[in-house]
Amino acid sequence: MQLKFNSVSFCQNGDTLLGPIDFELKIRRITNVLGYNGAGKSLFLEMCHAMINPTSGCVYWNDNQARDTKYTRGFIFQHRVTLYRSVKKNIALPMQTAGWNSKLIADRLEELLSMAGLESKSEEPASTLSGGEVQRMALVRALATYPKMVIMDEPTSSLDPSATTEFENLISKNANSGIKFLWATHNIKQAKRFADDIIFIADGKVSEISKAKKFFNNPSSIKANSYIKGL
Amino acid sequence: MKIIALLLFILASSVNAENREIILSSTTSTQNSGLYDYILPMFTKDTGIEVKVVAVGTGQAIRIAQNGDADALLVHHRPSEDLFMKNGFGIMRFDVMYNDFVLIGPKSVKTKFEKLSDFFVKAKSTSLFPFISRGDDSGTHKKELELWNFFTNGKPNGKWYNEIGSGMGAALNMASATNSFTLSDRGTWLSFNNKGNLEIKWAGDTIMQNPYGLILVNPNKFAHIKSKFAKQFANWMVSSKGQKAIGEYKVDGKQLFCPNADKTNINSLLVCPAN
Amino acid sequence: MNILNATFHLISSGDATLWSIVYLSLRISLSATIIAAFFAIPIGAALAMGRFTGRKIIIMFSSSLMALPPVVVGLAIYLLLSRSGPLGEYGLLFTPTAMIIAQSVLIFPIILALTTESVSPLEKHYRRLLNSVDASRWFRLKILIIDARFSIFTAVLAGFGRAIAEVGAVIIVGGNIAGSTRVMTTTIALETSKGNLELALALGIILVMLAIGVNSVMHVLKSLGQKYHKELR
């Protein structure tokens, strides 16, 4: 999946919150997005998924505009974002908006529930799930309509270590099956384990894009250096 | 969608087809006397025609007929009725019955009046008799203004004179609650159930007579006027059967209305409500 | 005590006229509620969803409507339905249909405003998620109405309460005709004007009992529904 930002910026109330940004990147397997809080990671990710439209410039995936291709991607939020419905109905959401018939949905649901390990909780209200369970549910929901790309905004930030591990296992499994991930995190160790490439965001701009090995051993900026060292 | 079908069903079940019925626009006083509850079933039994009575103030009743929303009009204000006919809204008018107006006042006021004019003159000069006026352009209200104009120099002005803009029942309720005087038609008075401390202070003068007229609304002015059925209604009301029924109607053993459709026949004029 | 006696007497007498008046009141107000809700719920939910052409006009129209006294609304509808008015040919004046129309118009803004209020917080909560799955406007409308259904239900009940207690509009467009357009409220007005105050109060008590009855049935249905769909509390 080829991601392209073409003279993208986002202004609000006279302030340029993000941009100008210009780059092209091929997502090989997993690309992590790093940066301090407030640098613009979430804004960046939401623009990748056309949830927010840039005030100037365009975002492209494989030379198609991001806003026309939403259905080819999934998105996962940091905090619990669910419908006031059962686990089953939450996961079914993208399939419903895509217009699948109920048989297709039912069959796919079986697979997804089993992938997330939530078969026993399928009829429970989503609000009763634990943090880890919610994010696993969010992941299979994002995968429901066979997207090639999943964008994640710090999905494990509020999870305990064991839930984080479970979630990461699911990521690995899916990455191995060919799903690409664009993943914001502030867990350096996690990024070191997973990233093929790093996008580093600072002060609303894409400060650096490098292969992960290069970034962690020899970052291009002082800021990036401090960030990696946890300062 | 099921909901749309439900909606249509709801609306459809409420609309009437061309039924054997007419709409009679009349006044609250006539309705409240109970006369219609007594005579209309008889008419329906004889002809199979249902009479739907819309009872409002005289002004509104005439207005409804003027809009063509009624098939017949039965009110008790001759000048308005004549104007209605003159303007071509009605094609035929019939005398049907009359009763009278009565002056109502609190029992606690012991003043004796020599004649009717006494009350009106004294009320204005002394301001001692609080008065409730309907103030609603009804037949009763118009008669009341007529009396003020006839006996004094016009409508009173003062704190003791209260124009409430409401029906007869409301006026009587207020008169009872505030120990005031008011002018009422005898029908409403007799069937009024909250008389409290009120009584009839004066009645019987010719000027207090209250004649009723039945007018058929002009079908040439409006489409859908049920003129055929309305004519049957009028015929029945002035027939000896209808007139007898009108005269028979009693409240508390007292006759309320004098049938007068046939003025030439002395026998058809029954003894009418005494003081 | 007189009044309670009169009430008990009325109910136990099984008077046919009384029960036909009760039936007519329920039929008219329930119909009006269904019709008003049919339009007010989707429009109210759409208003909570954000800008669309005509949004400001709808809000203005609805708020002005709520500020009008029922009598004025009744008058306006009378002029519309009168034989000398634009819709005269349908012969709707002085029929229960006219009363249903009048009450629908009257309670539409109430159900509309309360629906918007119910849906607004849910819309905010669902917005980002629905954004991320590329949901169409139509899909969002449906899911918001369905998931807010219990609060919307309360809005509809409020509309019904307003309808069944109304007298100003229905008395003008209905004519308070004995046996065909006379309902509880107009009967109470009539009996009061005749000085039959105890009867009027007794009827008033029956009306209140009626309203409580309908409300109770609705609340039972609501809690049954909530128990079944335990996701929505």
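All values reported here derive from a predicted model rather than from experimental measurement.

A. Summary view of the overall build of chain B. Along the backbone of chain B there are 11 helices and 12 strands. Buried positions account for 43% of the 275 residues belonging to chain B. Look at the contacts in chain B between residues 6 or more apart in sequence, and 74% of them connect residues 24 or more apart.

B. Summary view of the pairing of strand S1 (residues 21–27) of chain B. All names here are of chain B. Of all seven residues in S1, six are buried, a share of seventy percent or more. When S1 meets strand S2 (residues 50–56), the two strands line up parallel, connected through seven bridges. Within the sheet, the bridge partner assigned to serine 26 lies in S2 and is alanine 55. As paired strands, S1 and strand S3 (residues 72–75) are joined by three bridges and run parallel to one another. Residue pairing for S3: leucine 24 is matched across the bridge by alanine 72.

C. The arrangement of the interface of chain A and chain C in detail. Across the boundary between the two partners, chain A contributes 15 residues, which contact 13 residues of chain C. For the side of chain A that touches chain C, the element with the highest residue contribution is helix H2 (residues 87–97) of chain A, accounting for three residues. Each residue belonging to the side of chain A that touches chain C can be placed in one class, and the counts come to 10 nonpolar, three polar and two charged.

D. Spatial organisation of the domain arrangement of chain B. Residues and elements named next belong to chain B. Taken as a whole, chain B is organised into domain 1 (20–99 + 211–268) and domain 2 (101–208). Look at where the C-alpha atoms of domain 1 and domain 2 centre, and you get two points 26 Å apart. Broken down by secondary-structure element, the contributors of at least two residues to the side of domain 1 that touches domain 2 are helix H2 (28–32) and helix H4 (58–66). Residue contributions to the side of domain 1 that touches domain 2 peak at four residues, all from H2. Grouping the amino acids of the side of domain 1 that touches domain 2 by side-chain chemistry returns four nonpolar, 13 polar and two charged.

E. Summary view of the packing of helix H2 (residues 16–49) of chain C against helix H7 (residues 149–164) of chain C. All names here are of chain C. Running from N to C, H2 and H7 cross one another at 140°; their axes reach a closest spacing of 9 Å. As the angle between them shows, H2 and H7 are arranged oblique. Considering the relative orientation of H2 and H7, their crossing is right-handed. Where H2 abuts H7, its residues Ser25, Ser29, Ala32, Thr33, Ala36, Ala37 and Ile41 lie against Ile152, Val156, Gly159, Phe160, Ala163 and Ile164.

F. Inspection of the interface of chain B and chain C at higher detail. The interface of chain B with chain C comprises 30 residues on the first partner and 27 residues on the second. If you list the elements that add at least two residues to the side of chain B that touches chain C, you get helix H1 (2–12), H2, S2 and helix H8 (168–178) of chain B. Of all the elements, H1(B) adds the most residues to the side of chain B that touches chain C, at five residues. Tallied by class, the residues present in the side of chain B that touches chain C amount to 15 nonpolar, 13 polar and two charged.

G. Representation of the environment of C:Ala169. Residues and elements named next belong to chain C. Mapped onto the fold, alanine 169 is located in helix H8 (residues 168–174). For alanine 169 and serine 151, which are 18 residues apart along the polypeptide, the C-alpha to C-alpha distance reads 28 Å. Sequence-distant contacts of alanine 169, defined by excluding residues within four places in its chain, comprise Pro70, Val71, Val73, Gly74, Ala102, Gln103 and Leu106.

H. Region of interest: the sheet that holds strand S2 (residues 15–26) of chain A. All names here are of chain A. Read across the open sheet, the four strands follow the order S2-S1-S4-S5; overall the sheet is antiparallel. Bordering the open sheet on either side are S2 and strand S5 (64–65), each of which pairs with just one other strand. Here strand S1 (residues 2–12) runs beside S2; their pairing, made up of eight bridges, is antiparallel. Bridging from a neighbouring strand, lysine 4 pairs with glutamate 24 of S2. Against the sheet, helix H1 (residues 41–48) makes contact with S1, S2 and strand S4 (56–61), and its axis sits at roughly 120° relative to S1, the strand it touches most.

I. Representation of the pairing of strand S10 (residues 205–211) of chain A in the model. All names here are of chain A. Sheet analysis places strand S9 (residues 197–202) next to S10, joined by six bridges and oriented antiparallel. Residue pairing in the sheet places isoleucine 198 in a bridge with serine 210 of S10. Remark: two residues form the turn of the hairpin made by S9 and S10, two consecutive strands paired antiparallel; aspartate 203 in that turn has positive phi of roughly 50°.

J. Representation of the sheet that holds strand S7 (residues 149–153) of chain A. Residues and elements named next belong to chain A. Read from one edge to the other, the open sheet built from six strands follows the order S6-S7-S8-S3-S9-S10, with strand pairing classed as mixed. In this open sheet, the two strands that pair with only one neighbour each are strand S6 (73–76) and S10. Taken over all neighbouring pairs, the strand axes of this sheet differ in orientation by 15° on average, direction set aside. Helix-sheet contacts for H1 involve strand S3 (30–34), S7, strand S8 (180–184) and S9, and the interaxial angle to S7 is about 155°. Set on the sheet, helix H4 (residues 131–142) makes contact with S6 and S7; between it and S6 the angle comes to about 165°.

K. Focus on unusual backbone geometry. Here the amide bond leading from A:Gly19 into A:Pro20 is cis, since omega sits at -5°, within 30 degrees of zero. Here A:Pro20 lies in strand S2. The backbone of A:Glu154 shows a phi angle near 50°, a positive value even though the residue is not glycine. Under the C-beta neighbour-count criterion, A:Glu154 is labelled buried, with 20 such atoms within 10 Å. Although it is not a glycine, B:Asn179 sits at a positive phi angle of roughly 55°. For B:Asn179, the location among the structural elements is in the loop between H8 and strand S7 (181–185).

L. Region of interest: the packing of helix H10 (residues 227–238) of chain B against helix H11 (residues 240–248) of chain B. Residues and elements named next belong to chain B. Orientation of H10 relative to H11, taken along the N-to-C sense of each, is 65°, at an axis distance of 4 Å. In this structure, H10 uses Trp236, Met237 and Val238 to contact H11, whose residues at the interface are Lys241, Gly242 and Gln243. Looking at the contact of H10 with H11 residue by residue, the classes come out as three nonpolar, two polar and one charged.

M. Here's a closer look at the nonpolar core. B:Ala72, B:Leu73, C:Ala98, C:Ala102, C:Ile111 and C:Val173 are the most contacted members of the largest nonpolar core, which totals 187 residues. If one sorts the elements of this core by residue count, helix H5 (residues 96–132) of chain C sits on top with 16 residues. Counting the residues that make up this core, at least three belong to each of domain 1 (20–99 + 211–268) and domain 2 (101–208) of chain B. Those residues in contact with C:Val173, other than ones at most four positions away along the chain, are C:Gly74, C:Ile77, C:Tyr78, C:Leu81, C:Leu93, C:Ala98, C:Met99 and C:Ala102.

Each value, and the rule that gives it
Residues numbered from 1 in each chain as written. Chains lettered and ligands numbered in written order. Predicted model: local features only at pLDDT ≥ 70, side-chain atom pairs only at ≥ 80, totals over all residues. Helix = DSSP H or I, 4+ residues; strand = E, 2+ residues; numbered from the N terminus. Buried ≥ 20, exposed ≤ 12 C-beta atoms within 10 Å, placed from the backbone. Contact = placed C-beta atoms within 7 Å. Pairing = 2+ DSSP bridges. Nonpolar A, V, L, I, M, F, W, Y, C, P; charged D, E, K, R; others polar. Domains from an automatic or database assignment. Axes fitted to C-alpha atoms, helices over the stretch in contact; angles between N-to-C directions. Parallel < 35°, antiparallel > 145°, perpendicular 65-115°, else oblique. Left-handed = near helix turned anticlockwise from the far one by under 90°. Core = buried A, V, L, I, M, F, W, Y, C linked by C-beta atoms within 7 Å.

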